[in-house]
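# Topology and contacts: notes
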Amino acid sequence: MGVPTLVRHHHASPHPLDLYGPAGIAERVGHLLAGFEWNLAEPTWFTLRVHEVLPDRILHFSFPGPERFRRHFAGEEERQSREIWSCPYLTVAAEILDHKLPVLVFRVDERPHFSIDAAKLEQRGLVAGA
């Protein structure tokens, strides 16, 4: 789909959109977005948030739609583990690989949505997952 299509389909949303990538992704996205004329930018447009995942830290950048997607450095954080994002339902881990250029590989782990009382299943003669 690509970043331009992603932006075109999401630009009018009031919700930010996060993009994670390897070192240099924010610069590339900035150049890509600068290749368009954003003369009709509206105050309600979304902000694209780009996160560069490095071995020891994560750099954060924002590209606010109302500012015609100009890049702003938004801080950095120390990277404690492979995990780069989480919510109550899942976690996302990333590893940097060499694919003749740095790329990220992602692993998504879903957290349990509910718990099953194994004792009650056994009492009723049921088998979990059956």
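Structure report, in brief. (Residues numbered from 1 in each chain as written. Predicted model: local features only at pLDDT ≥ 70, side-chain atom pairs only at ≥ 80, totals over all residues. Heavy atoms only, no water.)

### Observations regarding the pairing of strand E3 (residues 57-64)
- Taking burial as the measure, the eight residues of E3 include seven buried ones, the bulk of the element.
- Here strand E2 (residues 47-53) pairs with E3 via seven bridges, running antiparallel. Across the sheet, residue Arg 49 finds its bridge partner in E3, namely Ser 62.
- As consecutive antiparallel partners, E2 and E3 are separated by three residues. (Buried < 20%, exposed > 50% of the residue type's maximum accessible area, 1.4 Å probe, protein only. Helix = DSSP H or I, 4+ residues; strand = E, 2+ residues; numbered from the N terminus. Pairing = 2+ DSSP bridges.)

### So, the pairing of strand E7 (residues 102-110)
- Here nine bridges tie strand E6 (residues 90-98) to E7, and the two strands are oriented antiparallel to one another. Within E7, the position partnered with Val 92 by the bridge is Val 108.
- Hairpin connection of E6 to E7: three residues between the antiparallel strands, including Lys 100 at a positive phi of 70°.

### Overview of the pattern of salt bridges
- Across all of its chains, the model carries five salt bridges by this definition.
- The salt bridge partner of Arg 49 is Asp 18, with a shortest N-O separation of 2.8 Å. Within this pair, whereas Arg 49 is found in strand E2, its partner Asp 18 is found in strand E1 (residues 17-21), the two being separated by 31 residues in sequence.
- Assessed through its relative accessible area of 34%, Arg 49 is described here as partly exposed.
- Judged by its relative accessible area of 31%, Asp 18 is partly exposed. (Salt bridge = Lys/Arg side-chain N within 4 Å of Asp/Glu carboxyl O.)

### Considering the environment of Arg 107
- Summarising the element assignment, Arg 107 is placed in strand E7.
- On the accessibility criterion, Arg 107 (54% relative accessible area) is exposed.
- Spatially, the C-alpha atom of Arg 107 lies 33 Å from that of Glu 67, the residues being 40 residues apart in sequence.
- What Arg 107 contacts, discounting residues up to four positions off in sequence, is Thr 91, Val 92 and Ala 93.
- Within the structure, Arg 107 has its side chain in polar contact with the side chain of Asp 109 (distance 3.1 Å). (Contact = heavy atoms within 4.5 Å. Polar contact = N/O pair within 3.5 Å; in protein donor to acceptor, adjacent residues only side chain to side chain.)

### A word on the nonpolar core
- The biggest cluster of nonpolar side chains holds 17 residues, and the ones touching the most others in it are Val 7, Val 29, Leu 33, Leu 48, Val 50, Phe 63 and Phe 69.
- Only helix H1 (2-10), helix H2 (25-34), E2 and E3 provide two or more residues apiece to this core.
- With four residues, H2 is the largest single contributor of residues to this core.
- Setting aside residues up to four positions removed in sequence, Val 7 forms contacts with Leu 33, Trp 38, Phe 46 and Phe 69. (Core = buried A, V, L, I, M, F, W, Y, C linked by side-chain atoms within 4.5 Å.)

### Description of the sheet that holds E6
- Taken in spatial order, the three strands make up an open sheet running E5-E6-E7, and their pairing is antiparallel. Two strands lie at the open edges of the sheet, namely strand E5 (83-86) and E7, each paired on one side alone. Taking the axes of each pair of neighbouring strands and ignoring which way they run, one obtains an average angle of 25° across the sheet. (Axes fitted to C-alpha atoms, helices over the stretch in contact; angles between N-to-C directions.)

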